[in-house]
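A closer look at the structure
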Amino acid sequence: MNILETINARRAIRRYDASHRMTDDEQRQLLSHALLAPTSFNLQHVRLVAVTDPALRQQIRAVGWDQAQITDSSLLVIVCADVASWEKNAARIWSEAPQAVQDFMVPAIDAYYRDKPQTQRDEAMRSTGLVAQTLMLAAKGMGYDSCPMVGFDFEAVGQLINLPDDHVVSLMISIGKAAEPAHARTGKLPYDEVVIRDRF
């Protein structure tokens, strides 16, 4: 499937074949492809929590509006971000770049993020969005379906996965084999309403 076909074919699927299992190799391939997505300043601050423990899945479902895809999908991924990565990892991430690039990027990152908690969170969310969409497209390209999810108690899920204090949960994504076809697309706003040429 080429990328345009994949984009057109990707749909939010909520009913999965609960008997299907992804292999460890499939999971690694899928998650590795997702991590090729761009992140702010290349900080790679997105963390993917791959939840495979059935008991933990049940606990997450209990704080996730009892949504069946939490337990029935082949893989549940909680997309998180290390909001403090700019301070912890900037020098490490750029250490293999030419010295001139390091000398520019590391101070630039510090200046962009320091003392700006809203920027730190905004950039984390932007980066998780890029990784999440890449994950869903990679899943579709591998023959799997997915569903982005925000219908859950974020604080409770964070506690269940031992989320560090300097991390945030962005969304969850269920991935698996669809148990039924997607419904027809509905409610799409007209192209000319949402694509603006040059200025509003």
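Residues numbered from 1 in each chain as written. Predicted model: local features only at pLDDT ≥ 70, side-chain atom pairs only at ≥ 80, totals over all residues. Heavy atoms only, no water.

1. Digging into the pattern of salt bridges
Which entries qualify depends on this criterion: Note on definitions: salt bridges are taken to be side-chain nitrogens of Lys or Arg within 4 Å of carboxyl oxygens of Asp or Glu. Only protein chains enter the calculation, and the probe is 1.4 Å; a residue is then buried if its accessible area is under 20% of its type maximum, exposed if over 50%, and partly exposed in between.
Tallied over the full model, the rule gives eight salt bridges. Salt-bridge contacts for D66 lead to R61; the nearest nitrogen and oxygen are separated by 2.8 Å. By relative accessible area, which is 53% here, D66 ends up exposed. Each of D82, K88 and D166 takes part in a single network of salt bridges with overlapping partners.

2. So, the layout of surface pockets
What counts here: Residues are called lining when one of their atoms sits within 4 Å of a cavity or pocket point, these points coming from a 1 Å grid over the protein atoms alone, where a cavity is a set in which a 1.4 Å probe fits but cannot get out and a pocket is an open set with protein on both sides within 12 Å along at least five of seven lines. Grid points are joined across faces, edges and corners, and a volume is the space filled by probe spheres set on the points. A run of H or I in DSSP counts as a helix once it spans at least four residues, and a run of E counts as a strand once it spans at least two, with each numbered from the N terminus. When residue character is reported, Ala, Val, Leu, Ile, Met, Phe, Trp, Tyr, Cys and Pro are called nonpolar, Asp, Glu, Lys and Arg charged, and the others, Gly included, polar.
Volume-wise, the largest pocket comes out at about 220 Å³. Together, 13 residues line the largest pocket, and R21, T52, R57, S73 and S74 are the ones closest to its centre. Elements represented by at least two residues in the lining of the largest pocket include exactly α3 (54–62) and α4 (69–72). It is α3 that contributes the most residues to the lining of the largest pocket, three residues altogether. Residue composition of the lining of the largest pocket, by class: four nonpolar, six polar and three charged.

3. So, the sheet that holds strand β3 (residues 145–149)
Pairing between the strands of a sheet is mediated by backbone hydrogen bonds and can be parallel or antiparallel. Our working definition: What makes two strands pair is DSSP finding at least two bridges between them. Angles here are taken between N-to-C directions and fall from 0 to 180 degrees, while the axes themselves are lines fitted to C-alpha atoms, restricted in helices to the stretch in contact.
Pairing within the open sheet is antiparallel, and its four strands lie in the order β1-β2-β4-β3. In this open sheet, the two strands that pair with only one neighbour each are β1 (46–51) and β3. Here the strands of the sheet are splayed against their neighbours by 25 degrees on average, with no regard to which way each runs. Summarising the sheet, β3 and strand β4 (residues 167–176) pair through five bridges and their orientation is antiparallel. Bridging across to β4, D145 finds its partner in G176.

4. A few points about the packing of aromatic side chains
The criterion, for reference: Centre distance within 6.5 Å is the pairing criterion for rings of Phe, Tyr and Trp, where only the six-membered ring of Trp is used; planes under 30 degrees apart are then read as stacked, over 60 as edge-to-face, and the remainder as tilted. For a Lys NZ or an Arg CZ to count as sitting over a ring, it must be within 6 Å of the ring centre and within 35 degrees of the ring normal.
Scanning all chains against the criterion turns up five aromatic pairs. Where W86 meets Y113, the ring centres are 6.0 Å apart and the plane angle is 10 degrees; that geometry is what we call stacked. On the criterion of sequence distance, the pair formed by W86 in helix α5 (residues 85–88) and Y113 in helix α7 (residues 99–113) is long-range, its members being 27 residues apart. A ring pair is formed by F152 and F154, whose centres lie 4.2 Å apart and whose planes are at 20 degrees; its orientation type is stacked. Of the residues examined, F152 reaches a relative accessible area of 6% and is grouped as buried. Classification of F154 as partly exposed rests on a relative accessible area of 31%. Pairwise contacts between aromatic rings join F41, W86, Y112 and Y113 into one cluster. Positioned above the aromatic ring of Y144, the side-chain terminus of K177 is 4.7 Å from the ring centre.

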